[in-house]
Amino acid sequence: MLFRTHIKILKISKAGKEKNMKKIAIIGSGSWGVALAIHLAKLGNEVKIWSYAQEEADLINNEKKCMFLPKVTIPDGIMCTLSYEEAIKDTDFILHVTPSKFTRSTLKEYKKYVTNQPIVICSKGFEKDTLSTLTDVVKSEIPNVKVAVLSGPSHAEEVSVGAPTLLVAASEDNELAKMLQDTFMCETMRIYTTNDVKGVETGGALKNILAFCGGISVQIGLGDNTFAALITRGLVEITRLGMAMGGKKETFYGLTGLGDLLVTCYSDHSRNRRAGKLIAAGKSIEETKKEVGMVIESMDNIDVAYELGKKYNIDLPIANTAYEILYNNLDPKEAVNILMTREKKAENID
């Protein structure tokens, strides 16, 4: 028994030596940024989080708590700062985890501190003014930087407590994708790699809109048949637009397409689903944002999807109907009638 235990210890020790621990900057102290920090710190990495709020930094540093993840105690190896320079200096890579609408403005603030660190986009959305994906925003601000995306079906509440989770690291640089795979992967998190950055990004951004619609469906009591149809035909819309933007068809039927769509549409953790329920209950946009209390990416991106559909001449009936509900006060039940009485079609994604 002693010999077997000794062998086990040697194996663990060897694995620890093989895993090259990293120094990592996380830009953003919301629930997802902190959940990723917790995961990485538990694996032995050194993590520095940038926050815009002193209150959040003090809570993380002094009380080992996150206001968005109240049940979690933050482990050692994590510190939070309001200084971009302090967060980024001497790190191996940067996880960018701010809301999509703040991506460019935040990059402008910290890009002068970036040396050779890759930037990994962990946010899901588009830039409204340019209709750009977030990696394109990074490249336009820091032209020579290596860029990746980390995405997939993942609620911060579950990642922070070690629930088994599968994600995708996407980059045109295969070595960067493999480095992220090696850094994040353990018995509670499995990472796949791909070079289909556009597919991963568009799937992650557009699924939020379908989750918003899912919340509407639940609120007005449409049932399981309708919900299944919403997800299935919603995936068709995501695939159409994503392929037009350069994504690969198969990506949208993987973790960052179908997988992320399912977890966001069905879960009560989803702020996008909750937003749809509140809008369908008669709340205004401002009332909904206040009640949810966190950024609602679907509400920031429904108008972007509407414009992208026009730009690429892609038929997006569900997304366009969501736009009419949110911005033109279309009654949700009337929206369902409009969708159900559209012209006859064959079932395909083309």
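The structure we're discussing is the one just above.
Before going into details, it helps to say that this report is about the structure given with it. (Residues numbered from 1 in each chain as written. Predicted model: local features only at pLDDT ≥ 70, side-chain atom pairs only at ≥ 80, totals over all residues. Heavy atoms only, no water.)

**Examining unusual backbone geometry**
Generally, phi is negative for residues other than glycine and the peptide bonds are trans, each holding for most cases.
Phase 1: We note that Leu 131 has phi near 60 degrees; this positive angle belongs to a residue other than glycine.
Phase 2: Within the secondary structure layout, Leu 131 lies in the loop between β6 (126-127) and β7 (132-133).
Phase 3: A relative accessible area of 17% places Leu 131 in the buried class.
Phase 4: In this structure, Asn 329 takes a positive phi of about 60 degrees despite not being glycine.
Phase 5: When you line up the elements, Asn 329 lands in the loop between α15 (317-328) and α16 (332-340).
Phase 6: With relative accessibility at 70%, the residue Asn 329 sits in the exposed group. (Helix = DSSP H or I, 4+ residues; strand = E, 2+ residues; numbered from the N terminus. Buried < 20%, exposed > 50% of the residue type's maximum accessible area, 1.4 Å probe, protein only.)

**Let's talk about the side chain of Ser 151**
Phase 1: Mapped onto the elements of the fold, Ser 151 is located in strand β8 (residues 147-151).
Phase 2: The contacts of Ser 151, once residues within four sequence positions are left out, are Lys 124, Leu 167, Val 168, Val 200, Gly 204, Thr 256 and Asp 260. (Contact = heavy atoms within 4.5 Å.)

**Some thoughts on the pattern of salt bridges**
Phase 1: Taken as a whole, this structure holds 16 salt bridges when the rule is applied.
Phase 2: As a salt-bridge pair, Glu 127 and Arg 104 come within 2.7 Å of each other at their nearest N and O atoms. Of this pair, Glu 127 sits in strand β6 while Arg 104 sits in helix α5 (residues 103-110); the two residues are 23 residues apart in sequence, bridging distant segments of the chain.
Phase 3: Using a relative accessible area of 12% as the deciding quantity, one classes Glu 127 as buried.
Phase 4: For Asp 260, the salt bridge identified is with Lys 124, shortest N-O distance 2.7 Å. Taken together, the residues Asp 260 in helix α11 (residues 255-266) and Lys 124 in the loop between β5 (119-121) and β6 connect sequence positions 136 residues apart.
Phase 5: The class of Asp 260 is buried, set by a relative accessible area of 1%. (Salt bridge = Lys/Arg side-chain N within 4 Å of Asp/Glu carboxyl O.)

**A word on the packing of α5 against helix α6 (residues 134-141)**
Phase 1: The geometry of α5 relative to α6 is characterised by a closest axis approach of 10 Å and an angle of 30 degrees between their N-to-C directions. By the angle class used here, α5 and α6 are roughly parallel. Of the two possible hands of crossing, α5 and α6 adopt the one that is right-handed. Contact residues: Thr 103, Arg 104, Leu 107 and Lys 108 in α5; Leu 134, Val 137, Val 138, Ser 140 and Glu 141 in α6.
Phase 2: Residues belonging to the contact of α5 with α6 are distributed by class as follows: four nonpolar, two polar and three charged. (Axes fitted to C-alpha atoms, helices over the stretch in contact; angles between N-to-C directions. Parallel < 35°, antiparallel > 145°, perpendicular 65-115°, else oblique. Left-handed = near helix turned anticlockwise from the far one by under 90°. Nonpolar A, V, L, I, M, F, W, Y, C, P; charged D, E, K, R; others polar.)

**Description of the packing of aromatic side chains**
The description of an aromatic ring pair uses the distance of the two centres, along with the angle that the planes make with each other.
Phase 1: Enumeration according to the criterion identifies five aromatic pairs in this entry.
Phase 2: Taking the centre distance of 5.8 Å and the plane angle of 40 degrees together, the rings of Tyr 84 and Tyr 110 count as tilted. One end of the pair, Tyr 84, is in helix α4 (residues 84-88); the other, Tyr 110, is in helix α5, with 26 residues separating them in the sequence. In terms of burial, Tyr 84 and Tyr 110 fall into one category: buried.
Phase 3: An angle of 50 degrees between the planes, with centres 5.2 Å apart, marks the rings of Tyr 323 and Tyr 327 as tilted. One end of the pair, Tyr 323, and the other, Tyr 327, are both in helix α15, four residues apart, so they sit about a helical turn from each other.
Phase 4: According to the relative accessible area criterion, Tyr 323 is buried, its value standing at 17%.
Phase 5: Members of the aromatic cluster, connected to one another through ring pairs, are Trp 50, Tyr 84 and Tyr 110. (Phe/Tyr/Trp six-rings, centres within 6.5 Å; stacked < 30°, edge-to-face > 60°.)

**Focus on the packing of helix α9 (residues 197-219) against helix α14 (residues 297-312)**
Phase 1: For the pair α9 and α14, the least separation of the axes is 8 Å and the interaxial angle reads 110 degrees. On the basis of the axis angle, α9 is roughly perpendicular to α14. Of the residues in α14, those touching α9 at Leu 206, Asn 208, Ile 209 and Phe 212 are Glu 297, Ser 298, Met 299, Asn 301, Ile 302 and Ala 305.
Phase 2: Here the contact of α9 with α14 is built from residues that sort into six nonpolar, three polar and one charged.

**Here's the deal with the sheet that holds strand β9 (residues 165-170)**
Phase 1: Pairing is mixed in the open sheet, where eight strands are placed in the order β3-β2-β1-β4-β5-β8-β9-β10. In this open sheet, the two edge strands, each paired with only one partner strand, are β3 (78-81) and β10 (189-194). For this sheet the average axis-to-axis angle between neighbouring strands, irrespective of direction, equals 25 degrees.
Phase 2: As paired strands, strand β1 (residues 23-27) and strand β4 (residues 93-96) are joined by four bridges and run parallel to one another. Bridge assignment links Ile 27 to a residue of β4, and that residue is His 96.
Phase 3: Contacts from α6 reach β5 and β8 within the one sheet, and its direction differs from that of β8 by about 155 degrees.
Phase 4: Of the strands in this sheet, β8, β9 and β10 touch α9, which is tilted by about 45 degrees from β8. (Pairing = 2+ DSSP bridges.)

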